[in-house]
Amino acid sequence: MFLVVEQLLNGLQFGLLLFLLAAGLTLVFGIMDFVNLAHGSLYMMGAYFAATFAAWTGSFVLGALLALVATLLLGIALEFVALKHLYGRDHLDQVLATFGLILFFNDAVRLIWGPAGLALPLPAWLTVPVQIIPGVFYPAYRLLIIGVALAVAAGLYVVVMRTRIGMLIRAGASNREMIGALGINIKLLFTLVFGLGAALAGLAGLMQAPILTVQIGMGENILILAFVIIVIGGIGSIRGAFMAAIFVGMIDTLGRAFLPDLLRKVLSGAAASTAAPALSSMLIYLLMAIILVVRPEGLFPAAKR
Amino acid sequence: MMPNLNVSNAVVAVLCAALIMLPVYSAASGNIFILTLFTRIVIFALAAASLNLIMGYGGMMSFGHAAYLGIGGYAVGILAAEGIGSGFIQWPVALIVSALFALVIGALSLRTRGVYFIMITLAFAQMAYYVATSLSRYGADDGLTIYKRSDFAGLINLSNRTQFYYLCLACLFGGIYLIWRIVNSRFGLVVQGVRSNEQRMQAIGFHANRYRLVCFVISGTICGLAGALLANNTDFVSPAGMYWTRSGELMVMVVLGGMGSLFGPVIGAIAFLLLEELLSQFTEYWALIMGPLLLLIVLFARGGIMGLLGRFNRA
Amino acid sequence: MTKAYWLAGAMSMVSALALAQPATAADTIKIGFVSTFSGPTAVIGNDMRNSFELALDHLGRKMGGKPVEVIYEDDGQKPDVGKQKTEKLVQSDKVDFIVGYIWSNVLLASLKTAVDSKTFLISANAGPSQLAGELCSPYVFSTSWQNDQTPQAVGTYMNQKGVKSVFLIGPNYAAGKDMLAGVKSTFKGQVVGEEYTVWPSQLDFSAELTKAKNSKAESIFVFYPGAAGVQFLNQYAQAGIKAQIPLYTAFTIDELSLPLQKDNALGVPGAQQWVNDLPNDENKKFVADYRQKYTGLRPTFYGAQSYDAANLINSAVVAVKGDTSKKDEMKAEMEKVNFKSVRGPFKYGNNHIPIQNFYLQDVVKDGEGQLALKTVATIVKDDQDRFHDKCPMK
């Protein structure tokens, strides 16, 4: 029983982390109609900035805040120099150009920080396990991730549903041409949204950094998952991204946790051990394929075109 | 279609002549590696050409073409591991399995459009990748070494570098000829018509998705052939060769060379693989150059290398 | 303007390729070195290269009186790329020796190319079971170990400590499976659970750690090389399991991962055939000179194995006075292990895999207040891999 509770928490934590990454991606995709593969690189940069600033200031929290600002600025700069010229272009062009950026960022990081990767140590109060219900201990830091991600989700909800900027964002996601026609300064809105997306990616990266290491290419594996999430959730929909992220996080974790034992009941030990990790990774893609076949525009499509 | 004498056609003609003469140069100079390298390039050119058929002419952005490379390769590898070495069995199996896979995923994927199509083809390719990693009898993650290349009853010896190169080149030219015939047939015109205006073609009375599906299957089958060639070339198949980054590389080759032009993918494959080989000889930080180069090509050289050559035509 | 650039670029590419064909000069010893120099595991490749270069410095950059030329190639941790690079080294550069190979799967893909061309291949790390068994070759030597040997030593050590049960976690690839099989072959207690994770993409081990914690096993054994080892130890410590269930490792803590694992690694034991403080003279020189030449870095076992590989090659070239066409004589010489290894003396088995000691290593704070690996005891002496019977060579 405790095992199930802990695994559910693991799944929730992973799902919420994926949400941080997917939220920025879905905003940029939904509003600018821009496929940004370099989103994973921004996630990586967030982690590298946090590790560097934390080492300078000696404080995890201060380092994280500085890193957030730095990723925001980097995102805005990136948009201004290169990416804004790609709005309105073919998706394929965007994929290629941002694929190029991934290559560039990976090697630039290797040149600046070296290939070894960095560590982002946690303050002592975050390294202890916390008793959440009698008999179940859970790492404090993972609880912090859950808290921060939920706060971000709530904040995004308020911004998107209750503010003027949010209204423009929603309008942009469902009908891009129209808000331009209304005389809104689209360029500024786009830059703002891109910066916000970059900061969210950076936040995901720096939150993940103490659990994993800060290393080159850390964004690539998780980027594909983020894409799966926004496609399942419906492009441009924050709500869809939230639901899909938790869904994917749960499936991934619970699949890894319980599938091997289930398989061992039907297959020989060795075959089950090899097949189980592959099968649990496959589950997510299977889910996406099924959802797209049944609902080709995702679960919560933002745009009614 | 009467070929005009212009720069792009001249470049293509020179290129074809160079590809045909390459083994002669290799033998004369003693540079065996250039033949090995170009065998690989020619195989990837075939795969890129197959992707170009659906991407450039059909408007279907498949982000899962590496799956067919893997399926064609595994068909050869698994049969070889089970002691069936005859190419007359291995190759047809590779083509048929690729075609069936394309038929199934095509039928499902074509329900979606645009970026959803990109993602669903990716999803199916990733599933194929994970199936390959779980084949513990056939090496799982580590891949499968092929100890004997396909045997064609003495007709052709695949272990002979020159013969194998010419076989690959023949497959490439054959594939391109086939694509040329398709594109200029009534069927091909319908597919291209669907790309530019689906509603209109539907209204005229064409069942658009059926045409797209046939096109999708042909493309997958050609790519499966490239997979069978690639497995024989590397004597090895592994799941790593079907990961999504490989599909991305194929897309880069197509766009780099020029999407929707017959020889574009060939030029793209040559440029991409040569660039990778040469830049990695110059510097470990080759991606630092390759990355921005891709960005610049997208920003300033639409239509890829063929598009650039096309500008000469008018000059 | 751009057109001219494009044409010029294309022309120079083609001509560069033609010129890249080096003359085969018989008066140099050519060595190809295949390892990972890009991506997150490039640190390992760099350490191997540093150590190999240091060995060449110590040899005066000559072997058997001839200058040595080393061509480094990056396999990107991908089997197909490793195979291509091996082909290039054999066919284009026509090297006399190929050294390196961190990854078992890259080595297995590349093996046929090297063996078919009768080029000597020295594995400075990877040791898949096939290499020790049915795929052994007169042209292949190892300066490392067979994958199972190190975890076998860990299993033996756990028996010595009286551990009754274990939970095994490892990555789902060749070496990962070999490692867990190795522990199981010597560990006499109960194996409570066995988990494989997707390699190399899975980096979050929360599900596996939760299972291990709830399995009531007395101990956990893991194998996670490179950055994954850092991630595993971080998560193991954060989950608070470190205080409850002791961890045993193989190839998870080394001088590259230690600066990132920090205090999380303190007191976590592992087994190794080489530790930086082994008290022989060659090793003292190797470690001291390495730390002097590459400031701020410490050599790893990967480096030690590469250093040995250079000296093994040197012994063969010296024996034939630089005439590398005498392959049989070079093979016979290498089988004698006629050089002083930094791990101390070892012998070759019939399959060209070392028969050697394995030591218990622990993480401690050294005199400079830094974390360092320390030899605690000898777990097994003169250990031979368990696949040598399957090797047809006698």
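Quick caveat: nothing in here was measured; it's all calculated off a predicted structure.

Asks: What am I meant to see in the overall build of chain B here?
Replies: Each helix and strand in chain B was counted, giving 13 helices and two strands. The C-alpha radius of gyration computed for chain B amounts to 19 Å, which stays within 12% of the reference 20 Å derived for 315 residues, consistent with globular compactness. Taking the principal axes of the C-alpha coordinates as reference, chain B spans close to 55 × 45 × 40 Å. Counting all 315 residues of chain B, 55% fall into the buried class. Taking as baseline every contact in chain B between residues at least 6 positions apart, the subset at least 24 positions apart corresponds to 76%.

Asks: Any chance you could explain the overall build of chain A here in plain terms?
Replies: The secondary structure content of chain A amounts to 11 helices and two strands. Listed by position from the N terminus, the elements making up chain A come as α-α-α-α-β-β-α-α-α-α-α-α-α. Here the C-alpha atoms of chain A give a radius of gyration of 20 Å, agreeing with the 19 Å that 2.2 N^0.38 yields for 305 residues. Over its C-alpha atoms, taken along the principal directions, chain A stretches across nearly 60 × 50 × 35 Å. Buried residues in chain A amount to 58% of all 305 residues. Across chain A, the fraction of contacts at a sequence separation of at least 24, relative to all contacts at a separation of at least 6, is 78%.

Asks: I keep staring at the interface of chain C and chain B and nothing clicks. Help me out?
Replies: Buried accessible area, meaning the area lost when the parts come together, often serves as the stated size of an interface. Listed by partner, the interface residues are 27 residues for chain C and 24 residues for chain B. Counting only elements with at least two residues in the side of chain C that touches chain B, the list comes to helix 1 (2-19), helix 3 (79-92) and helix 4 (104-116) of chain C. Examining the composition of the side of chain C that touches chain B, we find that seven residues originate from one element, helix 3 of chain C, more than from any other. Grouping the constituent residues of the side of chain C that touches chain B by class yields 12 nonpolar, seven polar and eight charged.

Asks: Is there a simple way to think about the confidence of the model for chain B in this case?
Replies: Low-confidence regions, as indicated by low pLDDT, have predicted coordinates that should not be scrutinised in detail. Scored by pLDDT, chain B comes out at a mean of 89, with 98% of its residues at no less than 70. This complex was scored by the predictor with a pTM of 0.85 and an ipTM of 0.82.

Asks: Help me out: how do you make sense of the confidence of the model for chain A in this one?
Replies: Looking at chain A, the pLDDT average stands at 88 and 97% of residues meet or exceed 70. Summarising per-element confidence for chain A, the mean pLDDT is lowest in helix 7 (residues 176-181) of chain A (72) and highest in helix 2 (residues 39-57) of chain A (96).

Asks: What should I look at first to understand the interface of chain B and chain A in this one?
Replies: The interface of chain B with chain A comprises 31 residues on the first partner and 36 residues on the second. Going through the elements one at a time, helix 5 (114-133), helix 10 (244-257) and helix 12 (286-300) of chain B are the ones with two or more residues in the side of chain B that touches chain A.

Asks: Looking at this structure, I do not really get the sheet that holds strand 3 (residues 66-74) of chain C. What am I missing?
Replies: In sheet architecture, strand pairing relies on hydrogen bonds along the backbone and comes in two forms, parallel and antiparallel. Residues and elements named next belong to chain C. The strand order 2-3-1-4-5-6 describes an open sheet built from six strands, whose pairing is mixed. Both edges of this open sheet fall to strand 2 (62-63) and strand 6 (140-142), since each of them pairs with a single strand only. Where strand 1 (residues 29-35) meets strand 4 (residues 97-100), four bridges bridge the pair, whose relative direction is parallel. Within strand 4, the position partnered with Val34 by the bridge is Gly100.

Asks: What is the right way to look at helix 5 of chain B in this model?
Replies: Residues three or four positions apart in an α-helix share a direction because the helix packs 3.6 residues into each turn. An ideal rise of 1.5 Å per residue puts 28 Å on 20 residues; helix 5 of chain B measures up with 29 Å between its terminal C-alpha atoms. With respect to burial, helix 5 of chain B is a largely interior element, 18 of its 20 residues being buried.

Asks: Please explain the pairing of strand 2 (residues 136-139) of chain A as it appears in this structure.
Replies: Consecutive side chains of a regular strand alternate in pointing toward one face of the sheet and then the other. Residue and element names in this part refer to chain A. As defined by bridge partners, strand 1 (residues 129-133) adjoins strand 2 across four bridges and the pair is classed as antiparallel. Bridging from a neighbouring strand, Pro129 pairs with Pro139 of strand 2. Hairpin connection from strand 1 to strand 2: two residues lie between these consecutive antiparallel strands, with Gly135 at a positive phi of about 95°.

Asks: Can you walk me through the packing of helix 2 (residues 32-57) of chain B against helix 6 (residues 161-184) of chain B in this structure?
Replies: When two helices pack together, their arrangement is given by the angle between the helix axes and the distance between those axes. Residues and elements named next belong to chain B. Two numbers describe how helix 2 lies on helix 6: the axes approach to 10 Å, and their chain directions differ by 15°. Taken as axis vectors, helix 2 and helix 6 run roughly parallel relative to one another. Once helix 2 is placed against helix 6, the crossing between them reads as left-handed. Each of Ile32, Leu35, Thr39, Val42, Ile43, Ala45, Leu46, Ala49, Ser50, Leu53 and Tyr57 in helix 2 lies in contact with helix 6, whose residues at this interface are Arg161, Phe164, Tyr165, Cys168, Leu169, Cys171, Leu172, Gly175, Ile176, Ile179 and Val183. Here the contact of helix 2 with helix 6 is built from residues that sort into 18 nonpolar, three polar and one charged.

Asks: Would you mind showing me how to read helix 12 (residues 301-319) of chain C here?
Replies: All names here are of chain C. With 19 residues, helix 12 extends 27 Å between its outermost C-alpha atoms, agreeing within 8% with the 27 Å of an ideal straight helix rising 1.5 Å per residue. Summarising burial for helix 12: 16 of the 19 residues are buried, a large majority. Looking one or two residues past helix 12, Lys321 carries a phi angle of roughly 50°, positive in sign.

Asks: Can you help me understand the environment of Trp56 of chain A in this one?
Replies: Residues and elements named next belong to chain A. Here Trp56 is to be found in helix 2. You can call Trp56 exposed: it has 11 C-beta atoms within 10 Å. Distance in space between the C-alpha atoms of Trp56 and Pro129 is 27 Å, their sequence separation being 73 residues.

Asks: Help me understand the packing of helix 6 (residues 149-161) of chain C against helix 7 (residues 174-186) of chain C in this model?
Replies: Residues and elements named next belong to chain C. Where helix 6 meets helix 7, the axes come as close as 7 Å, and the angle between the chain directions of the two elements is 35°. The way helix 6 lies across helix 7 gives a crossing that is right-handed. From helix 6, Gln149, Pro151, Gln152, Val154, Gly155 and Thr156 reach across to helix 7, where they touch Met179, Gly182, Val183, Ser185 and Thr186. Class assignment of the residues belonging to the contact of helix 6 with helix 7 gives a composition of four nonpolar, seven polar and no charged.

Asks: When you look at unusual backbone geometry in this model, what are you seeing that I'm missing?
Replies: Glycine aside, the phi torsion of most residues is negative, and most peptide linkages are trans. One non-glycine residue, Asp235 of chain B, lies in the positive phi region at around 55°. By secondary structure assignment, the location of Asp235 of chain B is in the loop between helix 9 (208-234) and strand 2 (236-237).

Asks: Explain the pairing of strand 3 of chain C to me, please; I cannot follow it from the model alone.
Replies: All names here are of chain C. Sheet analysis places strand 1 next to strand 3, joined by seven bridges and oriented parallel. Paired with Val34 across the two strands is Glu73, which belongs to strand 3. Here strand 2 pairs with strand 3 via two bridges, running antiparallel. Its bridge partner lying in strand 3, Met63 is registered against Lys66. In this structure, the hairpin formed by strand 2 and strand 3 is closed by a connection of two residues, where Gly64 is found at a positive phi of approximately 55°.

Asks: Explain the environment of Asn209 of chain B to me, please; I cannot follow it from the model alone.
Replies: When you line up the elements, Asn209 of chain B lands in helix 9. For the pair Asn209 of chain B and Ala99 of chain B, spaced 110 residues apart in sequence, the C-alpha separation works out to 17 Å.

Asks: Would you mind going over the environment of Ile204 of chain B with me for this structure?
Replies: Residue and element names in this part refer to chain B. Turning to its location among the elements, Ile204 is positioned in helix 8 (residues 198-204). With 11 C-beta atoms counted inside 10 Å, the residue Ile204 sits in the exposed group. Between the C-alpha atoms of Ile204 and Gly248, which are 44 residues apart in sequence, the distance is 35 Å.

Calculation rules
Residues numbered from 1 in each chain as written. Chains lettered and ligands numbered in written order. Predicted model: local features only at pLDDT ≥ 70, side-chain atom pairs only at ≥ 80, totals over all residues. Helix = DSSP H or I, 4+ residues; strand = E, 2+ residues; numbered from the N terminus. Rg over C-alpha atoms; globule rule 2.2 N^0.38 Å. Buried ≥ 20, exposed ≤ 12 C-beta atoms within 10 Å, placed from the backbone. Contact = placed C-beta atoms within 7 Å. Nonpolar A, V, L, I, M, F, W, Y, C, P; charged D, E, K, R; others polar. pLDDT = per-residue confidence, 0-100. Pairing = 2+ DSSP bridges. Expected span 1.5 Å × (residues − 1). Axes fitted to C-alpha atoms, helices over the stretch in contact; angles between N-to-C directions. Parallel < 35°, antiparallel > 145°, perpendicular 65-115°, else oblique. Left-handed = near helix turned anticlockwise from the far one by under 90°.

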